Amino acid sequence: MGGETFLNYRIKQAAEHERRVSGSDDPMASLISVEINVMDACNRVCGFCPHSDQEVYPNRYDWKMPTSTAEVLAGQLAAIRFKGRISISGYGEPLLAKDIYRHIEIFRAALPDNAIEMNTNADALSPDRIGKLFESGLSQMYVNLYDGEHQVAVITQMFREAGIDRYVIRQHWAPEETFGLILNNRSGIVNPVRQAMNKRCYYPFYKMFVDWNGNILFCANDWGRNIIVGNILETPVQNIWMSEQMKAVRLRLARGDRSQKPCNVCDVDGTLHSQFSFDTLMAYYDRKPA
């Protein structure tokens, strides 16, 4: 990624997705990213994260996605010829999941051409583990570092020993990334805003969040699980993504209306990229008979 910010990197990814689906009038082309919560626990205690207060958001080591659920999701995404990326991230540290390699293998088998990414705090990384993750089918790793500049050399050496160069180091102590892409208030669980922002948000237009149990949240930032729009074990992802409930959420946010919880306490600037997804779905709603 060089010296560019993570925001610019995400903008490029969104532009690449737009090129891949160019000319399609399928509203599912709006779906750029499917984020998966494989493990709802973390080994770290960071002040900006809900996990830092175990009374507010406790570590739940038993909240982990079964591989059978991953198989259902992967199969549904393959069936709709999903062209976006799989993001293994969620509300915990993915490397705490003992079957993480199998999860990656499942998505790679079903989606051979898609990007499969992972976010990690690097505490459980080693050259051998890096090699196994990429052998399982991982495309890219985002390594989030919190402790200081000294970590960069350690992580760089790990990847060098593993013979892997497909990684991005995100320096969370550095000031160059802004706009909530490093720090946001997790839909108000951490430092809720006192007055709702009067601003559109594109998150529900381009990203799907699949929780450990198959539930789909309306937004990846909804740590409080306020709005659950369906479950992939009961309803196919396409039907959930294009549901009337998601439409209502999107049309409200399209008007800049963040009055409904949790949007009313959220500080995320949701219009920094993925305008394409917003335009695609709004055009579909305009031409679809009421």
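This text follows the structure it describes.
A quick note: this is a predicted structure, and the numbers were derived from the prediction, not measured.

### Examining the overall build of the protein
Within the protein, the secondary structure is distributed over nine helices and ten strands. Taken over C-alpha atoms, the radius of gyration comes to 18 Å for the protein, in line with the 19 Å a tight globule of 290 residues would show. Along the three orthogonal principal directions, the C-alpha set of the protein runs to about 55 × 45 × 40 Å. Scored against the burial criterion, the 290 residues of the protein give a buried share of 56%. A separation of at least 24 residues holds for 75% of the contacts in the protein among residues at least 6 apart in sequence. When the accessible surface of the protein is split by element, carbon and sulfur atoms take 48% of a total near 12,800 Å². The averaged location of the 34 negative side-chain charges in the protein is 4 Å from the averaged location of its 32 positive side-chain charges.

### Quick word on the nonpolar core
By size, the foremost hydrophobic cluster in this structure holds 74 residues, and its most contacted members are Val34, Ile86, Ile100, Leu125, Leu133 and Phe159. Not counting the four nearest positions on each side in its chain, phenylalanine 159 is found in contact with Leu125, Ile130, Phe134, Met141, Val143, Ile164 and Tyr167. Judged by nonpolar contacts, the second largest core, of eight residues, contains Tyr57, Phe209, Leu217 and Ala220.

### A closer look at the pattern of salt bridges
Side chains that differ in charge, positive against negative, can pair when their charged atoms come close. For the structure shown, the criterion picks out twelve salt bridges. A salt bridge links arginine 225 to aspartate 40; its shortest N-O distance comes to 2.7 Å. Residue arginine 225 is located in the loop between strand E9 (215-217) and strand E10 (228-231), and its partner aspartate 40 is located in strand E2 (residues 39-40); the two are separated by 185 residues in the primary sequence. Neither residue differs from the other here; arginine 225 and aspartate 40 are each classed as buried. Arginine 255 is the partner of aspartate 257 in a salt bridge, and the nearest nitrogen-oxygen pair spans 4.0 Å. Residue arginine 255 is classed as exposed on the basis of its relative accessible area, which comes to 59%. Put simply, Asp40, Arg60, Asp211 and Arg225 are held in one network by salt bridges that share partners.

### Observations regarding helix H5 (residues 150-162)
Among the residues of H5, those classed as buried are Gln151, Val152, Ile155, Met158 and Phe159. Projected down its long axis, H5 shows its buried positions confined to an angular sector of 130°, all on one face. When the buried face of H5 is taken as reference, the exposed residues oriented beyond 90 degrees from it are His150, Ala153, Arg160 and Glu161. In this structure, the buried residues of H5 make contact with helix H4 (127-136), strand E6 (140-145) and strand E7 (167-171). Phi turns positive, to about 75°, at glycine 163, one or two residues after H5.

### A short note on empty space enclosed by the protein
Under the definition given, this model contains three cavities of 30 Å³ or more. Roughly 810 Å³ of internal volume is contained in the largest cavity. In terms of lining, the largest cavity is formed by 36 residues, of which the most central are Ser89, Gly90, Asn119, Arg170 and Arg186. Listing elements by their share of the lining of the largest cavity, those giving two or more residues are helix H1 (6-20), strand E4 (85-88), strand E5 (116-120) and helix H6 (203-206). Taken together, the residues of the lining of the largest cavity break down into 14 nonpolar, 14 polar and eight charged. Quantified by volume, the second largest cavity comes out at close to 110 Å³. In this structure, the second largest cavity is lined by 14 residues; those nearest its centre are Cys201, Phe218, Cys219, Cys263 and Cys266. Among the residues forming the lining of the second largest cavity, the class breakdown is ten nonpolar, two polar and two charged.

Thresholds applied
- Residues numbered from 1 in each chain as written.
- Predicted model: local features only at pLDDT ≥ 70, side-chain atom pairs only at ≥ 80, totals over all residues.
- Heavy atoms only, no water.
- Helix = DSSP H or I, 4+ residues; strand = E, 2+ residues; numbered from the N terminus.
- Rg over C-alpha atoms; globule rule 2.2 N^0.38 Å.
- Buried < 20%, exposed > 50% of the residue type's maximum accessible area, 1.4 Å probe, protein only.
- Contact = heavy atoms within 4.5 Å.
- Areas by Shrake-Rupley, 256 points an atom, 1.4 Å probe, with all protein chains shown as cover.
- Lys, Arg positive; Asp, Glu negative; His and termini not counted.
- Charge placed at Lys NZ, Arg CZ, Asp CG, Glu CD.
- Core = buried A, V, L, I, M, F, W, Y, C linked by side-chain atoms within 4.5 Å.
- Salt bridge = Lys/Arg side-chain N within 4 Å of Asp/Glu carboxyl O.
- Arc of directions from axis to C-beta.
- 1 Å grid on protein atoms, 1.4 Å probe; cavity = no way out; pocket = protein on both sides within 12 Å on 5 of 7 lines; lining within 4 Å.
- Points joined across faces, edges and corners; volume = space filled by probe spheres on them.
- Nonpolar A, V, L, I, M, F, W, Y, C, P; charged D, E, K, R; others polar.

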